[in-house]
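Fold and contact review
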Amino acid sequence: MNIALIAHDKKKDDMINFSIAYSHILNSHQLFATGTTGKLISEAAGLNIHRFQSGPLGGDQQIGAMIANNKMDMVIFFRDPLTAQPHEPDVSALMRLCDVYQIPLATNIAASEIFLHGLERGDLEWREILKERQQKEGNH
């Protein structure tokens, strides 16, 4: 599965610790991240991550494009709800796209842990079935 990992500045340490703790699950999937977050996770957890631009420079929109093209299966986005973000419209657009395209979105550690335990159990296999169905419909 394709998983996006995003964290606002004050949540980057949480994302690093989360990625280290769950590296045994994450390393079986294709990981994508916004710039600095991806670099920090890769260095700390040793995970292979495709890095996009930083969020304020368009990384959120690059991940949003993957969602709109059915190329992202899950988004883990540790948001900082207490600090104003200069690129808040991009953050809102990314979250809206997750809702439009039925992409699981976790915005805190508690939900992210549930998602990864479910991923490990196979609870998200419906994403693969959905993608196969959409590919067949698109090819006709």
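Check the entry above for the structure.
Keep in mind it's a predicted model, so treat the numbers as computed, not measured. (Residues numbered from 1 in each chain as written. Predicted model: local features only at pLDDT ≥ 70, side-chain atom pairs only at ≥ 80, totals over all residues. Heavy atoms only, no water.)

**Considering the overall build of the protein**
For the record, the criterion: A run of DSSP states H or I qualifies as a helix once it reaches four residues; a run of E qualifies as a strand once it reaches two. Both are numbered from the N-terminal end. Here the globule rule is a power law, 2.2 Å times the number of residues to the power 0.38, and the radius of gyration is based on C-alpha atoms. Burial classes: relative accessible area under 20% of the type maximum marks a residue as buried, over 50% as exposed, and values in between as partly exposed (1.4 Å probe, protein chains only). Whether two residues are in contact is decided by their heavy atoms, any of which lying within 4.5 Å being enough. The accessible surface values rely on the Shrake-Rupley method and a 1.4 Å probe; as for residues, cover is taken only from the protein chains in view.
When helices and strands are tallied, the protein shows 7 helices and 5 strands. Mapped in sequence order, the helices and strands of the protein form the string β-α-α-β-α-β-α-β-α-β-α-α. What you see for the protein is a C-alpha radius of gyration of 14 Å, in line with the 14 Å of a compact globule of 140 residues. Projected onto its principal axes, the C-alpha coordinates of the protein cover approximately 45 × 35 × 25 Å. Of all 140 residues assigned to the protein, the portion counted as buried reaches 44%. For the protein, contacts bridging at least 24 residues in sequence account for 71% of all contacts bridging at least 6. Carbon and sulfur atoms provide 49% of the accessible area of the protein, an area that totals close to 7,600 Å².

**What about the pattern of salt bridges?**
As a working rule, side chains carrying opposite charge can pair if their charged atoms are close by. Formally: Criterion for a salt bridge: a side-chain nitrogen of Lys or Arg within 4 Å of a carboxyl oxygen of Asp or Glu.
Under the counting rule described, the total for this entry stands at 4 salt bridges. We note a salt bridge from Lys12 to Asp9, for which the minimum N-O separation is 3.7 Å. On the basis of relative accessibility, which here comes to 65%, the residue Asp9 falls in the exposed class. A salt bridge links Glu43 to Lys39; the shortest N-O distance between them is 3.2 Å. Of this pair, Glu43 and Lys39 are both found in helix H3 (residues 35–45), 4 residues apart, which corresponds to roughly one turn of the helix. Its relative accessible area of 39% is what places Lys39 among the partly exposed residues.

**Some details on the packing of aromatic side chains**
The criterion, for reference: Any two of the Phe, Tyr and Trp rings considered here, Trp counted by its six-membered ring, make a pair once their centres fall within 6.5 Å; the pair's planes then place it as stacked at under 30 degrees, edge-to-face at over 60, or tilted in between.
Inspection of the entire model under this criterion finds 3 aromatic pairs. Between Phe18 and Tyr22, the aromatic rings sit 5.0 Å apart at their centres with planes inclined by 40 degrees, giving tilted as the arrangement. Residue classification places Phe18 among the buried residues on the basis of a relative accessible area of 4%. By relative accessible area, Tyr22 is classed as buried at 10%. Ring centres of Phe32 and Phe52 lie 6.1 Å apart, and the angle between their planes is 15 degrees; this geometry places the pair in the stacked category.

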